[in-house]
Amino acid sequence: MPIPYAVFITIFYFIACLGMGSIVFVSIPTLSAKISASPLTVLATKFLLGQGLLANVWVFVALAGHFSPFFVKGFVGILFLAGVWLNYKLLFPISNQLAKIGNEIKLETLSWKVTIGATLVICLIWLPFWFPLETSGSRYYMAIAKVISASEHLKPLPGYEEVASLGMQGEVQFAVLMTLGSPESTQFFSWVTFVAGCVLLLALGRQVGLKRRGQWITLTIVFTSSAVILLS
């Protein structure tokens, strides 16, 4: 599938995960009432919460042998509509937050602008535009996802017992994206998940007193970490 379709599917499923997380927030008023975070932090929280919950749903669906294209596409479509309906009001606040960050960068010194620019470039290099899907890591972790998507059922795969023992958080998400018709979107979705995790990391940094420069340094450390690069 072409890259534009993979990007479309990634955005589509991102909003579906967002919908799942938003439903939880709406269902637990005390949870949403306690949040006093930035719009980007709220977005990342809902997305990661929804993704985690969805992974467990997909595991049970696959174990029951109901991982059919009809069910997967229908369920994801419903969650997509919920994601749009429950989060469209975040668009304007997020735009304002990004504009504020952009204005702060303009006021920084040249050395800090270079540091920030290099950090953002490294972040974009991680996008899967630059490398193929067929890597050793993708072959290792995508095997079970391929079986689930093709057979519509989660079943033992000889030689991959170790993978199964690690949990199905990523594998079932990849299986969904394959069922939606875009194996390439698995890499884009991994990147989106990684960036969402970084947003929450920066939010935690802000809670313990990190200012904007401290947050940029934190982001630089993450994107240049040899451990993170090797595991990714």
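Thresholds applied
The residue count restarts for each chain, going from 1 along the sequence in the order it is written. pLDDT decides what is reported in this predicted model: residues at 70 or higher carry local features, side-chain atom pairs at 80 or more are listed and counted, and totals for whole chains, interfaces and linings draw on all residues regardless. Water and hydrogen atoms were dropped before computing side-chain values, which therefore reflect all heavy atoms in the structure. Each helix corresponds to a stretch of at least 4 residues labelled H or I by DSSP, and each strand to a stretch of at least 2 residues labelled E; elements are numbered beginning at the N terminus. Whether a residue is buried, partly exposed or exposed follows from its accessible area with a 1.4 Å probe, protein chains only, as a fraction of its type maximum: under 20%, in between, or over 50%, in that order. Note on geometry: axes are C-alpha line fits, over the in-contact stretch for helices, and angles between N-to-C directions span 0 to 180 degrees. An angle below 35 degrees is treated as roughly parallel, one above 145 as roughly antiparallel, one from 65 to 115 as roughly perpendicular, and anything else as oblique. Should the near helix be turned anticlockwise from the far one by less than a right angle, the crossing is termed left-handed; should it be turned clockwise, right-handed. Here, two residues are considered to be in contact whenever any of their heavy atoms come within 4.5 Å of each other. In this classification, the charged set is Asp, Glu, Lys and Arg, the nonpolar set is Ala, Val, Leu, Ile, Met, Phe, Trp, Tyr, Cys and Pro, and all remaining amino acids, among them Gly, are polar. Each Phe, Tyr or Trp ring (for Trp, its six-membered ring) is paired with any other whose centre lies within 6.5 Å, and the angle between the two planes then decides the class: stacked below 30 degrees, edge-to-face above 60, tilted in between. By definition here, a helix of n residues has an expected span of 1.5 Å times n minus one. Patches were defined on residues exceeding 30% relative accessible area and lacking a salt bridge, with like-charge contacts within 9 Å and nonpolar side-chain contacts (Val, Leu, Ile, Met, Phe, Trp, Tyr) within 5 Å. Areas reported here follow the Shrake-Rupley algorithm with a probe of radius 1.4 Å; residue values treat only the protein chains shown as occluding. By salt bridge we mean one thing: a side-chain nitrogen of Lys or Arg within 4 Å of a carboxyl oxygen of Asp or Glu. In this description, a disulfide is simply a cysteine sulfur pair whose atoms lie within 2.5 Å.

Undergrad: Help me understand unusual backbone geometry in this model?
TA: A positive phi is found at E152, a non-glycine position, where the angle reads about 65°. Mapped onto the elements of the fold, E152 is located in the loop between helix 7 (136–151) and helix 8 (161–165). With a relative accessible area of 29%, E152 lands in the partly exposed category.

Undergrad: For this particular structure, what's the right way to read the packing of helix 1 (residues 3–27) against helix 10 (residues 185–207)?
TA: Pairs of packed helices are described in terms of their axes, by the angle between the two and the distance that separates them. Direction vectors running N to C along helix 1 and helix 10 enclose 50°, while the axes themselves pass 8 Å from each other. Taken together, the axes of helix 1 and helix 10 lie oblique to each other. Seen along the crossing, helix 1 lies across helix 10 with a hand that is right-handed. Here I3, A6, V7, I9, T10, Y13, F14 and C17 of helix 1 come into contact with helix 10, specifically with S185, F188, F189 and V192. The class makeup of the residues in the contact of helix 1 with helix 10 is 10 nonpolar, 2 polar and no charged.

Undergrad: Any chance you could explain the packing of aromatic side chains here in plain terms?
TA: The description of an aromatic ring pair uses the distance of the two centres, along with the angle that the planes make with each other. Summed over the entire model, instances satisfying the criterion amount to 11 aromatic pairs. Relative to F75, the ring of F71 has its centre 5.9 Å away and its plane inclined at 20°; by these criteria the two rings are stacked. Taken together, the residues span about one helical turn, with F71 and F75 both in helix 4 (residues 69–87) at a distance of 4 residues. Through a chain of ring-to-ring contacts, three or more aromatic side chains come together here, namely Y5, F8, F12 and F80.

Undergrad: Where do I start with helix 10 in this structure?
TA: Because each turn of an α-helix spans 3.6 residues, side chains separated by three or four positions end up pointing in the same direction. Its 23 residues place the ends of helix 10 33 Å apart at the C-alpha level, agreeing with the 33 Å of an ideal helix rising 1.5 Å per residue. Listing the buried residues of helix 10 in full gives S185, T186, Q187, F188, F189, W191, V192, A196, C198, L202, A203 and G205. Directly beyond the C-terminal end of helix 10, a positive phi value near 110° is found at G209.

Undergrad: I keep staring at a nonpolar patch on the surface and nothing clicks. Help me out?
TA: On the surface, I23, V26, V84, W85, L86, Y88 and L91 cluster together into a nonpolar patch covering about 710 Å² of accessible area. Those elements that provide at least two residues to the nonpolar patch are helix 1 and helix 4. For the nonpolar patch, the leading source of residues is helix 4, giving 3 residues. Take W85: it is sitting in helix 4.

Undergrad: Looking at this model, I keep getting lost on the state of the cysteines. Mind explaining?
TA: Two cysteines joined by a covalent bond between their sulfur atoms form a disulfide. All told, the structure shown has 0 disulfides when counted by the stated rule. Cysteine C198 is unpaired, with the sulfur of C123 as its nearest cysteine sulfur at 7.0 Å. On the basis of relative accessible area, C198 is assigned to the buried category, the value being 6%.

Undergrad: What should I look at first to understand the environment of V222 in this one?
TA: Mapped onto the secondary structure, V222 falls in helix 11 (residues 212–223). Placed 103 residues apart in sequence, V222 and T119 show a C-alpha to C-alpha distance of 9.5 Å. Apart from the residues lying within four places of it in its own chain, the contact partners of V222 are F194, C198, L201 and V228.

Undergrad: What should I look at first to understand the packing of helix 3 (residues 39–63) against helix 4 in this one?
TA: Two elements in contact, helix 3 and helix 4, have axes whose closest approach is 13 Å; the angle formed by their N-to-C orientations is 160°. If you check the angle between helix 3 and helix 4, you find them roughly antiparallel. For the crossing formed where helix 3 meets helix 4, the hand is right-handed. From helix 3, K46, L54, V57, W58 and V61 reach across to helix 4, where they touch F71, V72, F75, V76, L79, L86 and N87. Of the residues assigned to the contact of helix 3 with helix 4, the class counts are 10 nonpolar, 1 polar and 1 charged.

Undergrad: For this particular structure, what's the right way to read the pattern of salt bridges?
TA: By the definition in use, this model includes 2 salt bridges. Notably, a salt bridge pairs R212 with E104, separated by 2.8 Å at the nearest N-O pair. One end of the pair, R212, is in helix 11; the other, E104, is in helix 5 (residues 91–106), with 108 residues separating them in the sequence. Residue classification places E104 among the partly exposed positions, given a relative accessible area of 26%. Between E108 and R213 there is a salt bridge; the shortest N-O distance is 2.8 Å. Remark: R213 occurs in helix 11 and E108 occurs in the loop between helix 5 and helix 6 (110–125); sequence separation between them is 105 residues. With a relative accessible area of 16%, E108 lands in the buried category. R213 gets classed as partly exposed once you look at its relative accessible area, which sits at 38%.

Nothing here speaks to function; it is all geometry.
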